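Topology and contacts: notes
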Amino acid sequence: MRFYGKASEAAAEILQAFRTPGSLPQPLANIFIRRRDDVPCRRWSWRNQLLVELQGYSDARGFRQWQQVGRCVKKGQRAFHILAPVTKKGRDEKTSEEKGVVIGFRAVPVFGLEQTEGLPLPATDPDADGWVESLPLVEVARRWKLQVQVVDGQAAPFLGMYRRGKGIALGVKNLATWTHELLHAADHRLGNLQESGQHWRAETVAELGGAVLLCLLGRQGDADLGGCWRYVQKYASEAGIEPVEACGRVLDRMAGAIALILDTAQQIEQEEMPLFAKRST
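Notes on the structure follow.

The three strands lie next to each other as β6-β8-β7, forming an open sheet whose pairing is mixed. Every interior strand has two partners, whereas the edge strands, β6 (147–150) and β7 (160–163), have only one. Strand-to-strand, the axes of this sheet are offset by a mean angle of 15°, without reference to chain direction. As paired elements, β6 and strand β8 (residues 167–170) share four bridges and run parallel to each other. Residue Q147 lies in a different strand from β8, and its bridge partner there is G167. Packing of helix α6 (residues 175–189) onto the sheet brings it into contact with β6, β7 and β8, and relative to β7 it is tilted by some 15°.

Further remarks concern helix α4 (residues 126–134). Three or more residues of α4 are buried, namely A128, W131 and V132. Seen end-on, α4 carries its buried residues on one side only, within an arc spanning 100°. The outward face of α4, more than 90 degrees from its buried face, is lined by the exposed residues P126 and S134. Buried residues belonging to α4 abut α5 (138–143), β6 and β8.

Another point: the packing of aromatic side chains. Enumeration according to the criterion identifies five aromatic pairs in this entry. When the ring of F18 is compared with that of W229, the centres are 5.1 Å apart and the planes differ by 55°; the resulting orientation is tilted. In this pair, F18 is assigned in helix α1 (residues 4–19) and W229 in helix α8 (residues 225–239), connecting sequence segments 211 residues apart. Centroid distance Y231 to Y235: 5.0 Å. Interplanar angle 45°. Geometry classified as tilted. One end of the pair, Y231, and the other, Y235, are both in helix α8, four residues apart, so they sit about a helical turn from each other. Judged by relative accessible area, Y231 falls into the partly exposed class, the value being 23%. Stacked on the ring of Y235, the Lys or Arg K234 has its end atom at 4.2 Å from the ring centre.

Quick notes on the rules
- Residues numbered from 1 in each chain as written.
- Predicted model: local features only at pLDDT ≥ 70, side-chain atom pairs only at ≥ 80, totals over all residues.
- Heavy atoms only, no water.
- Pairing = 2+ DSSP bridges.
- Helix = DSSP H or I, 4+ residues; strand = E, 2+ residues; numbered from the N terminus.
- Axes fitted to C-alpha atoms, helices over the stretch in contact; angles between N-to-C directions.
- Contact = heavy atoms within 4.5 Å.
- Buried < 20%, exposed > 50% of the residue type's maximum accessible area, 1.4 Å probe, protein only.
- Arc of directions from axis to C-beta.
- Phe/Tyr/Trp six-rings, centres within 6.5 Å; stacked < 30°, edge-to-face > 60°.
- Lys NZ or Arg CZ within 6 Å of the ring centre and 35° of its normal.

Take a look at the structure:
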């Protein structure tokens, strides 16, 4: 992997900044994404929206809901389930007004967009989609067959999320969050992301690695070193480890993930260059 050494050098400079008191800027403020397209599942509870995300879909609906927009479920597709509340009528003890009272939940079968075929859906949010297209190295995620999408960040229970082997969801317009999740994807692709939950090793690889990657791309201002330090410090403290030591322990693993990302990007560029040259002649 050709970029391994460069990643290690950039990481060493960041770690030196971590060791120097007062050298880190304040964390960048998050700019939350607000989707403006009309997708019914975005009005579901966040538990159900998360179930859709975890299945790797940006849109999911029931069998008849898809028929209403001119699409049908492909033959042989299996539904997954969301939870719908079961209610009964009751009276408010204070006002004596009738109201619905939740007494439980039932499973409702739904299908993801890619499980259907038929008429194209209305145009999505051009601002959100345009921002995704502008992300550095987004073509790497797509080469790995990962779906990159955005969610309404002010309502989401996360700023960014990597769904193992399926995709990346982003709730903020923050390049440090994007590269953090891309690092998770590369770490997973290398077979190193074995931890469950938000483990300090995996999170340090992703956070420090995301900052290093942006520095290598010449985007130091977006690397958010102040935010990176606080993030690593939080997870290291919970594990009883000094932040710089935590970074040192995962340095090789992090550099390998960055090298994979940049090597893949270079491979894509080399494949596209002959096509560009052919069109120019």
